[in-house]
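# Topology and contacts: notes
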Amino acid sequence: MALSSTIQKVSQHSDSRGTDVVRKGPRRRYLGRRIGHHIILILICLAFLVPFAVMITTAFKTPQDVFRVPPRLLPEHWVLSNFVEAVRAMPFLRYLANTVLLVVLNVAGTMISCPLVAYGLAKLPWRGRNVIFGTILATMMLPAQVTFIPLYLMWNKVGAEGTFWPLIVPAFFGTPFYIFLLRQFFMGVPDSLREAGLIDGASELRVYWRIVLPQAKPALATVGIFQFVATWTDFLLPLIYLNSQDKYTLSIGLYSFFGSHGVAWGPLMAACLIFTIPAVVIFMIAQRYFVQGIAVTGLK
Amino acid sequence: MTAETSLAKRSAPGMGRRRRLTIAGFGFSLPWIIGFLVFMAGPIVVSLYYSFTEFNLFQPPQWVGLKNYVSLFSDDRFLHSMFNTAYLAIIGVPLGLALALLVALALNFPVRGQPLYRAIVYLPAIVPVVTATYLWRWVFNAQYGYLNQLLSHVGLPQPDWLEEPFWTKPAVIIIMLWGIGGTTVIYLAALQQVPQQLLEAAAVDGANTWQRFWNVTWPTLTPVTLFQLILGIIGALQIFAPTYLLTQSRLSPANGGPGDSLLTYAMYLFQNAFIFLKMGQAAAMAWILFVVIGGLTALILWSSRRWVHYGAE
Amino acid sequence: MSGPVLSRRRFVGLSIASAASAGVLAGCSSGSGGKSGGKTTIKFSYLWTGEEAKALQKVVEKFNRSQKDIVVQGVSNPDTQAQLASMTGSKGAFDISDNFGNATGDWASKGIIKSLDDYIKQDKYDLSDFAPAAMETVRYQNSVYQLPIAVNNSALLYNKSLFDQAGINDPPKTTSEWASAIAKTTKSNSSGISQLGLCGTSSAGIDYQTMGVCFGGKWYTNGKPSPTDPGNIAGAQFYVDNVLKKYGVKHINRFASGFGDYQSPQNPFYQGKLAMVIDGEWQPAFIKNFAPKLEWGVVSVPYPDGHPELANTNLVSPGTFFIPSNSQHPDEAWVFLKYLVSTEAMREFTLALSNLPSRTSLLKDKAYGDIPNFDVFLNLLASKNATSMGSNPDYTQYTADLTTAADQITRLAKTPAQAYAAVATKAQSYDS
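Residues numbered from 1 in each chain as written. Chains lettered and ligands numbered in written order. Predicted model: local features only at pLDDT ≥ 70, side-chain atom pairs only at ≥ 80, totals over all residues.

### Some points on the overall build of chain A
Looking only at helices and strands, chain A has 16 helices and zero strands in total. For chain A, the residues scored as buried account for 51% of the 300 residues in total. Summarising the internal contacts of chain A: among those between residues at least 6 apart in sequence, 79% fall at separations of at least 24. (Helix = DSSP H or I, 4+ residues; strand = E, 2+ residues; numbered from the N terminus. Buried ≥ 20, exposed ≤ 12 C-beta atoms within 10 Å, placed from the backbone. Contact = placed C-beta atoms within 7 Å.)

Here's what the structure looks like:
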C-alpha cells in the first residue's frame, strides 16, 4: 500500500538521526576519553546530589540524630523506623490510589490533546494559526493567581468543588507549555513527510496519526514525563479543590509531617523518598525512548 | 520546489484547498480553543475588570478607574519586588540555559550508566518543592550548612546566605540552577535530532569540537533554545514557590525575607490578593506583568529571526 | 504496529476506563454534607496538621459518638488560601473552621464569617467564663464572631544553672535588673559569641510586640494603629541597646544560625546557649519532653523601673473557631462549636496542644498541674494586664508592616523610632 511505502521512506530517513549506541571502536584510543567523560559526569552529579544526600541520610536517622548540632551527614545509627512511620502517618494506599488516578488521567489527556493542537500550529499552513499560537503564548504570560479565583467560583457553581473534575478536565484541552514544546519539535520534522502522505491520499488526520506523530517520540516522551511529575508533585490544586481526606493525594499527605512548632524530619524525608522513587523509575524507563531516537523496530 | 508546485497543480484549485486547510487547522486546534473559551476567557476578562476596582473578594467590587495602577508605582514594596524579580530573571535564566546545555552535552556522552546519570540530573524536578526548599535551608545554613563548610575548606568567605539581604538572591539562583533538570531533558531530546552525518562529515573535513558544535549542533538547537528562553523568562518573572517557602511562616504571612530581598513580583501579588484581600491591586499587578512579559517575548521573537534556524528541509 | 504506538492506544483505553471510574468516585462523594438517614453531615476543615490534627480528630470522634443527629467530618487542610477560596463561593466547602482571633475584624467587616450573636442569645450561652483578653479579639463592633479555644501568651524563661554560674540569685523583675542579667550571662569576644543572655530562639530578632506592651506601649489607640507610642519604641530600644548593638548583629546572626531545631533537644535554650528567652506557654510541655534535666524557671517579662503597675503584662493570642457565612449547615455547626469549646473538649484539646485554655474556670484545673511551671502562664492569662492586639480590620496590613519594621530594627538598618514612624505613615492609608 502507498502508505507503507511512505513509512519505509521515513524509516530510511530516520537512520540519519543521532543515535546513542555505545561505539565499539579500538579500545585503547577511547578508554581515556571514556574515563574523562565519566569524571565529568560524576562531578556534575555530585553537585546535583547534595540536597539528596541530606534527604536520604535524614530518612535513616533517629529524631535525636537529625537535630544533632553540628549536623553530620551520615547517621549514627541507621534506622528504618521513619519509613514505617511515614506510611502509617497517612492513609498511604488511599492517597497513592488517588494520586495514580490523577496522574494517569492527566498524562492521557495531555498526550491526546497537546500533540494534536501543536501539529495544527506547526505543519498546517492555515490562516489564523499565528493568532491561535499568539493567544496560547499570551495565556502563559498571565500569572495564574489572577484567573484562579474566577475559575474557582466557576467550578463551585457547577458543583464540582470537592471532586476530582477540576483536576482532570483541563488536561484534555491542552497545556500551553507542552503545545509550545511540541510545536517546536514538529517544526523540526521535514515537511516532505506530510507532503508525501497527502499525495498518497491520506487525510490530514491520518498523516498526523500515522506518519508525523511517530517521528516526535522524543518530544512525546518528554511531555509525558513532565506531566507525570507535575501531577505527581502537585499539591496546590488538590489542596484547593479537594476537601475530604479520602480524596487527598500523596503530596498533601506530606503536609501531615509539618506541625505548627516543628517538622517531623525523619518521617518526612522517608515519605519523600518513597514519593520520589516511582517518578525516578518512570523517568529511567521513558528516557530510553528519546535516547534511541526513532528505533526502526518501533515503526514496523 | 517542483514537487510542491506539481502538487498544487494536481490537487483541487486554490480556494478549495485553502478552505480545507483552514478547517483542518481549526479542527486540530479545537481542543485548545474550547478549553480556552471555557476556562480562560471568562476569568481573564473578569480579572481585567477587577484591576479597575477595589475588590476584597467578599463584597461587591467598587470601580476606581486607574487608581490601582497609579498607586502601585508609588508603593516601594512594589518597586522592590520588580527589582528582585528582574535580578533573578536576568541572571538566572541565561545561566540556567547555558548550564543546561552543557550538562545535556555531557549527558550525551556515549558511556555506560548513561540512564543513571540522566536520572540523577532530572531528580531535583521530582522532589516536592516544599521539601526541597527545607533541604536547601540546611545546605545554606551560615554556620553548619554544607555549602559554607565546603567554602571554608577551599578558603573562600562564607556569607550568611539566608540572613543577609545581599546574599539571599544568589542563594535562590543556586536553587534555580539545581532545578534545570527539565531544561536539560528538553535539550537532550533536541540533541537526538542533530544530523549525525553532518557531524561526521564535518569531522572528516577537519573541524574541531568547538567548530562542530557551533556550525552543526548549535543551529539545530536554536529553535529549542528560543522556546526555552521565552519560557524561562516567563517562568522567572513569575517565580513564587522557592522564595515563598523560604520566607513564609504562619506568624508573618506577608514576609519578604531579610530587607524584603526575597519579595518577588508574584509573591507580592499573592500577598495583595490573599493576605491583604486587595484583589483589585493584585489584578492590576498581573496585567502590568502581562504587558511586560508580552513586550519581552515580542522582543525575543523579533530578534529570533537573526539567530534561529528552523530545520524544515 | 508495535512499541510506542501501541502504548498510546493503551493510554486511550486506560483513560476511558479511568474516567468512568472517576465519574463513579465523584458521584459517590457529597459536596459539603447532606442528610442521610436522618443525620446531618457537616464539614469541619482545620489548619492543624500532624499530631495536633490527630488530637482534634479524637475530639471530633467523641462528639460524633455523643449524639445522633450530626455527623462531623474533619479534614486537615493547612492552606489558608484554600480556606479563603472556599469562603468565596456561594456554597461553602466547610461549615466550621479555625483561625486566630485577630482575623475577626478583617473577616467580619467583609461579611466573610457569621455573627454568633443570635445563637448566643437563643441558647442563653454564657460567655463570662472566657478570658476577657481572649474575648476582646473575637468581637467586632460589639458582636461576637468567633469563640476562642486555645490561647497563647508568652513569658520570660531563664536557665537556672547559667544564672547560678553568673552569680544571679533571683530572676529579674525590673528592666534594669534584666539588662544587668543579660550582661552577666553573655560570653562574647572578638571572634564570636558562645553564650547569649537574651535572644530569639530561631533568629536574631525578638518578639517586639510583646516587648512593646511590657514597656507600657499600646499598639492600638482609639481603634487606630499607634506604632509610635513611646512604650513600643522603648521596648524595641531595650533589645537594640542591650543585645544587638552591644554584641554586634553579625556575630549574633552567626551565633543564631547555629541553633538547632526549635522543637528538639537541640533548642538553643535547652542547650544552654541562651540564658533567657521570651517564649510561649507550650514550652513547659516541650521542655518536659525534650530536656527533662534542664534547670529552668519562668517569670513574667520584667517591667520598666518605677512602673510596678505594668507587672505581669503579657500579649494574648487565641486560636478560634468560626462559621463561614456561606456555610450550608450553620445551625448544626453551632452545636458542634459549642461542644468544641466546652470544658471537657477544651481541656483535652489544649492539653494535647500544650496551649492555655480560654476558659478561666479551667485555669485552676488539676489536669494542667502535671506540667512544671505551666501555672505561671495560666496566672498571666488571668492577670489584669493580659492584653491583646485586638482584631481591627487593618490587622493584617498592620502586622505585615510591623514585621518589616522588626526586620529593619534587628538588622540595625533603622532605629526603632524611625522604623515605627515609617509604619505610622503607612498606617494612614490602611483601609478600615
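### Some words on the overall build of chain B
Counting its secondary structure elements, chain B contains 14 helices and two strands. Taken over the C-alpha trace, chain B has a radius of gyration of 25 Å; the compact-globule value for 313 residues is 20 Å, which it surpasses by more than 25%. Seen through its C-alpha atoms, chain B measures out along the principal axes to roughly 70 × 60 × 30 Å. Residues classed as buried in chain B amount to 44% of the 313 residues present. Taking the contacts inside chain B whose residues are at least 6 apart along the sequence as the reference set, 67% of them involve residues at least 24 apart. (Rg over C-alpha atoms; globule rule 2.2 N^0.38 Å.)

### Some remarks on the nonpolar core
Core analysis: the biggest nonpolar cluster contains 292 residues, and Leu182 of chain A, Tyr187 of chain B together with Cys199, Phe336 and Leu337 of chain C have the highest contact counts within it. Here this core gets 16 residues from one element, more than from any other, and that element is helix H5 (residues 92-122) of chain A. (Core = buried A, V, L, I, M, F, W, Y, C linked by C-beta atoms within 7 Å.)

### Here's the deal with the domain arrangement of chain B
Interface size is commonly expressed as the accessible area that is lost once the parts come together. All names here are of chain B. In terms of domain boundaries, chain B breaks down into domain 1 (14-63) and domain 2 (69-307). Taking only C-alpha atoms into account, the centre of domain 1 sits 29 Å from that of domain 2. Secondary-structure elements contributing two or more residues to the side of domain 1 that touches domain 2 are helix H2 (14-50) and strand S1 (53-54). In terms of residue count, H2 provides more of the side of domain 1 that touches domain 2 than any other element does, three residues in total. (Domains from an automatic or database assignment.)

### So, the interface of chain C and chain B
Taken together, the contact pairs 18 residues of chain C with 19 residues of chain B. Of all the secondary structure elements, the ones that give two or more residues to the side of chain C that touches chain B are helix H3 (80-86), helix H11 (249-257) and helix H16 (395-410) of chain C. The element that contributes the greatest number of residues to the side of chain C that touches chain B is H16 of chain C, accounting for six residues. Residues of the side of chain C that touches chain B, tallied by class, amount to four nonpolar, ten polar and four charged. (Nonpolar A, V, L, I, M, F, W, Y, C, P; charged D, E, K, R; others polar.)

### What to know about the packing of helix H12 (residues 217-233) of chain A against helix H9 (residues 181-191) of chain B
One can describe the packing of H12 of chain A onto H9 of chain B by two numbers: an axis separation of 9 Å at closest approach and a directional angle of 165°. What the angle tells us is that H12 of chain A and H9 of chain B run roughly antiparallel. The way H12 of chain A lies across H9 of chain B gives a crossing that is right-handed. Touching Pro218, Ala219, Thr222 and Phe226 of chain A of H12 of chain A are Gly182, Val185, Ile186 and Ala189 of chain B, all from H9 of chain B. Grouping the constituent residues of the contact of H12 of chain A with H9 of chain B by class yields six nonpolar, two polar and no charged. (Axes fitted to C-alpha atoms, helices over the stretch in contact; angles between N-to-C directions. Parallel < 35°, antiparallel > 145°, perpendicular 65-115°, else oblique. Left-handed = near helix turned anticlockwise from the far one by under 90°.)

### Concerning the pairing of strand S8 (residues 154-159) of chain C
All names here are of chain C. Among the six residues of S8, six are classified as buried, and the element is accordingly described as predominantly covered. Relative to strand S14 (residues 296-299), S8 is paired through four bridges, and the arrangement is antiparallel. In the strand pairing of S14, Tyr158 is matched with Gly297. (Pairing = 2+ DSSP bridges.)

### A closer look at the interface of chain B and chain A
Taken residue by residue, the interface counts 84 residues in chain B and 89 residues in chain A. Broken down by element, the residue count for the side of chain B that touches chain A peaks at 17 residues, all from H2 of chain B. Its residues assigned to classes, the side of chain B that touches chain A comprises 64 nonpolar, 16 polar and four charged.

### Regarding the confidence of the model for chain A
Residues and elements named next belong to chain A. Scored by pLDDT, chain A comes out at a mean of 77, with 83% of its residues at no less than 70. Low pLDDT, under 50, characterises residues 1-25; the stretch is placed with 41 contacts to residues that sit more than four places away or in other chains. Confidence drops under pLDDT 50 across residues 292-300; counting only partners more than four residues distant or on other chains, this segment forms 18 contacts. (pLDDT = per-residue confidence, 0-100.)

### Section: the sheet that holds S14 of chain C
Residues and elements named next belong to chain C. Spatial strand order, S9-S10-S13-S8-S14: five strands in an open sheet with mixed pairing. Single-partner strands in this sheet number two, and they are strand S9 (187-189) and S14. Pairwise comparison of adjacent strand axes, ignoring direction, gives a mean angle of 35° for this sheet. In this structure, strand S10 (residues 192-198) lies alongside strand S13 (residues 274-280), joined through two bridges in parallel fashion. Residue pairing for S13: Leu196 is matched across the bridge by Leu274. H11 contacts S9 and S10 of the sheet and is inclined by roughly 90° relative to S10.

### Considerations on the domain arrangement of chain A
Residues and elements named next belong to chain A. Domain assignment breaks chain A into domain 1 (27-79) and domain 2 (89-299). The partner domain 2 presents six residues to the seven residues of domain 1 that form the contact. Looking at the side of domain 1 that touches domain 2, the elements with two or more residues in it are helix H2 (27-59) and helix H3 (63-66). Residues of the side of domain 1 that touches domain 2, tallied by class, amount to five nonpolar, one polar and one charged.

### A few points about the environment of Ser29 of chain B
Looking at the secondary structure, you find Ser29 of chain B in helix H2. Residue class for Ser29 of chain B comes out buried when judged on the 27 C-beta atoms lying within 10 Å of it. If near-sequence neighbours (up to four positions away) are discounted, Ser29 of chain B is found in contact with Val117, Gly120, Leu121 and Ile132 of chain A.

### A closer look at the pairing of strand S7 (residues 147-152) of chain C
All names here are of chain C. Of all six residues in S7, five are buried; the element is thus mostly enclosed. Bridge count between S7 and strand S15 (residues 314-322): five bridges; the pairing is antiparallel. Note on S15: the bridge partner recorded for Asn152 is Ser317.

### Brief notes about helix H4 (residues 81-89) of chain A
Residues and elements named next belong to chain A. Within H4, the full set of buried residues consists of Asn82, Ala86 and Ala89. Along the long axis of H4, the arc covered by the buried residues comes to 75°, so they all point the same way. Of the residues in H4, the exposed ones pointing more than 90 degrees away from the buried face are Val84 and Arg88. (Arc of directions from axis to C-beta.)

### Observations regarding unusual backbone geometry
Residue and element names in this part refer to chain C. Even without a glycine there, the phi angle at Lys124 is positive, about 50°. Assignment of secondary structure puts Lys124 in the loop between helix H5 (117-123) and helix H6 (132-138). By the C-beta count within 10 Å, which is 6 here, Lys124 ends up exposed. Unlike most non-glycine residues, Asn373 shows phi in positive territory, near 70°. Following the sequence through the fold, Asn373 ends up in the loop between strand S16 (356-357) and helix H15 (374-382). Residue Asn373 is classed as partly exposed on the basis of its 17 C-beta neighbours within 10 Å.

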